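# Architecture at a glance
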Amino acid sequence: MNMNTSIVIIGAGLGGLMLARVLHIHGIAATVYEAETSPMARTQGGLLDIHDFNGQLALKDAGLYEEFVQLIHHGGQASRVLATDGTVLFEDDDDGTGGRPEVRRGELRRILLGSLPPDTVRWGYKLSHVQALGQGRHEVSFANDETMVSDVLVGADGAWSRVRPLLSDAQPVYAGLALVETWLSDCDQRYPATAQLAGGGALFAVTPGKGILTHREPDGVLHAYVVLRKPQDWFSRIDEATQADALSCLAAEFAGWHPALTTMITASDKAPVVRLVHELPDEHQWPRIPGVTLLGDAAHLMAPSGEGANLALLDGAELGKAIAAQPADIEAALLSFEQQMFVRSAAAAADAKALQEICYGARAPHSLVEMFSAVPASA
Ligand SMILES: Cc1cc2nc3c(=O)[nH]c(=O)nc-3n(C[C@H](O)[C@H](O)[C@H](O)COP(=O)(O)OP(=O)(O)OC[C@H]3O[C@@H](n4cnc5c(N)ncnc54)[C@H](O)[C@@H]3O)c2cc1C
């Protein structure tokens, strides 16, 4: 690698930005091309718990751990499991010693962006086409008609990666469930019974095939994922309905549940947002192909298990360190990164599948209570 080596990262999600940051602190320049037109183009979603065994390690490698600590939403690690009638089946307070503190995704992205030299991220660059030029180089074309040539191309472009087809034929497949987001603002004043039931952190009310999961956000907002195992076209109807119809159609699936729980649906301030869950094969991998690799969801999309963002951060840091350790032999760096990523992501994908069964399988909610009861609070 020399000073002119062109490292092109597609996607300014947590994984792509972490890679750019770790390369930067090792004195290696890279450019991140992002389809969105600005950092503000889209709200960045709710809280993420960042784990001490993956996401936090990456933030330490990036020299951003102290800034991360300032973002922690104290109290957010508390968790409760409820029966559908509102009975508390399990409860664990946040005593500040847990290994999974919560931060807002947008704030985490902001500290990563702020840690990069100006112009590292090019906004409004949607990758449309890639062509291999041989010897590891690629011609990368964007929807804005600009084209560049990469020496190293990294697909950090999420679930529907345009870089992935260079390496693998795998396509994400619908996992049979969706998470539908709803929100209650000013919950303590407006919906005290729901706010009380939700507690200070996360609430899980689950039964076979469905659940209501809530998170209390720092500004008095209760954010819910309403989870249903249903065919994909059922959710198209929710997407296409008016806000009132969509909410009542969702609520009908929870008939007989405690009203303070169903208020999370019926009283949502905003139209529900459907997030269909897709997955890549658990052991998704590819042979080494010169000059290109993937990280994060582009490499290992899996059902939500609280690990996806953590794995993307870890991948970004590990790839950055691998390149910095062997700048003269990029292929060896990519190979060693991929070999380790394949092992950890296959294990995480299997765990994610098991967690879906624990949450929404035949033994829910008892299976979830057993899982929480078996795990020490600090784990
Ligand atoms: C509803 C939901 C809840 C979740 N909750 C959690 C959680 O609590 N904890 C957790 O750890 N994980 C969670 N995840 C998973 C987590 O969001 C992802 O695993 C993580 O964001 C992956 O990061 P990434 O950087 O690989 O990809 P992304 O965050 O998807 O970023 C990819 C970036 O690439 C850009 N891009 C895409 N295509 C192109 C293109 N053609 N050209 C240029 N740029 C492009 C996108 O605009 C985006 O900015 C959740 C996921 C969902 C859907």
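Residues numbered from 1 in each chain as written. Predicted model: local features only at pLDDT ≥ 70, side-chain atom pairs only at ≥ 80, totals over all residues. Heavy atoms only, no water.

What follows concerns the site of the ligand. Surrounding the ligand, one finds 32 residues, the nearest of these being E34, R105, L127, D297 and A309. A35 is positioned with one of its backbone polar atoms (N or O) 3.1 Å from a nitrogen atom of the ligand. A distance of 3.2 Å is found between an oxygen atom of the ligand and a backbone nitrogen or oxygen belonging to G306. Looking at the shell around the ligand, the elements with two or more residues in it are α1 (14-25), β2 (31-34), β3 (47-49), α4 (105-114) and α11 (308-325). Looking at the shell around the ligand, the element that brings in the most residues is α11, giving four residues. Looking at the shell around the ligand residue by residue, the classes come out as 14 nonpolar, eight polar and ten charged. Summarising the domain contributions, the shell around the ligand has at least three residues from each of domain 1 (7-69 + 109-172 + 281-356) and domain 2 (173-279). (Near = heavy atom within 4 Å. Polar contact = N/O pair within 3.5 Å; in protein donor to acceptor, adjacent residues only side chain to side chain. Helix = DSSP H or I, 4+ residues; strand = E, 2+ residues; numbered from the N terminus. Nonpolar A, V, L, I, M, F, W, Y, C, P; charged D, E, K, R; others polar. Domains from an automatic or database assignment.)

A separate point is the domain arrangement of the chain. Here the chain is partitioned into domain 1 (7-69 + 109-172 + 281-356) and domain 2 (173-279). The centre of domain 1, based on its C-alpha atoms, is set 30 Å off from the matching centre of domain 2. Summed over both sides, the interface between domain 1 and domain 2 buries roughly 960 Å², with carbon and sulfur atoms accounting for 64% of that surface. When the area that domain 1 buries against domain 2 is broken down by residue, the three leading residues are L47, P172 and Q356, summing to 43%. Our enumeration of links across domain 1 and domain 2 arrives at one salt bridge. Across the salt bridge formed by K353 and E279, the nearest N and O atoms sit 3.8 Å from each other. For the side of domain 1 that touches domain 2, the per-class residue count stands at eight nonpolar, three polar and one charged. (Buried area = accessible area lost by both parts, 1.4 Å probe. Salt bridge = Lys/Arg side-chain N within 4 Å of Asp/Glu carboxyl O.)

Our focus in this paragraph is the environment of E279. With respect to the element layout, E279 can be found in strand β16 (residues 273-279). The spatial distance from the C-alpha of E279 to the C-alpha of L17 is 23 Å, given a sequence separation of 262 residues. Non-local contacts of E279, meaning those with residues more than four positions away in its chain, are made with Q171, P172, V173, A175, L301, M302, A303 and K353. (Contact = heavy atoms within 4.5 Å.)

The sites that UniProt annotates as "binding site: NADPH" (unreviewed entry) are R42. The residue R42 is located in the loop between β2 and β3 in this model. (UniProt positions renumbered as here; feature names shortened; annotations may be inferred.)

Annotation from UniProt places "binding site: FAD" (unreviewed entry) at D49, R105 and D297. Position of D49 relative to the elements: it lies in strand β3. Beyond its immediate sequence surroundings of up to four residues, D49 is in contact with R100, P101, E102, G306 and N310. Engagement of the side chain of D49 in a polar contact is seen with the side chain of H51, the distance being 3.1 Å.

Let us look at α4. Listed as buried for α4 are L108, R109, I111 and L112. Seen from one end, α4 has its buried residues packed into an arc of 160°, which puts them on one side. (Buried < 20%, exposed > 50% of the residue type's maximum accessible area, 1.4 Å probe, protein only. Arc of directions from axis to C-beta.)

A word on helix α9 (residues 259-266). Most of α9 is tucked away: six of the eight residues are buried. Buried within α9 are the following residues: A260, L261, T262, T263, M264 and I265.

What follows concerns the nonpolar core. Across soluble globular proteins, nonpolar side chains show a tendency to be buried alongside one another. Counting 61 residues, the largest nonpolar core has I9, I10, M18 and L108 as the members making the most contacts within it. Ranked by residues supplied to this core, first place goes to α1 with seven residues. Residues within four places of I10 in sequence aside, it is in contact with Y33, L127, V140, F142, L153, V154, G155, A156, D157 and V163. Formed by 30 residues, the second largest nonpolar core is a distinct cluster that contains L184, L250, W257 and I265. (Core = buried A, V, L, I, M, F, W, Y, C linked by side-chain atoms within 4.5 Å.)

On to the side chain of H73. The residue H73 is located in the loop between α3 (65-71) and β4 (79-82) in this model. On the basis of relative accessible area, H73 is assigned to the buried category, the value being 13%. Within the local environment of H73, its side chain forms a polar contact with the backbone oxygen of R216, the two atoms lying 3.1 Å apart. If near-sequence neighbours (up to four positions away) are discounted, H73 is found in contact with L47, E102, G200, R216, E217 and P218.

Moving on, we come to the sheet that holds strand β8 (residues 127-134). The strand order across the open sheet formed by three strands is β8-β9-β10, and the pairing between neighbours is antiparallel. Two strands in the sheet have a free side with no partner beyond their single neighbour: β8 and β10 (147-150). Neighbouring strand axes in the sheet, compared pairwise and without regard to direction, differ in orientation by 20° on average. (Pairing = 2+ DSSP bridges. Axes fitted to C-alpha atoms, helices over the stretch in contact; angles between N-to-C directions.)

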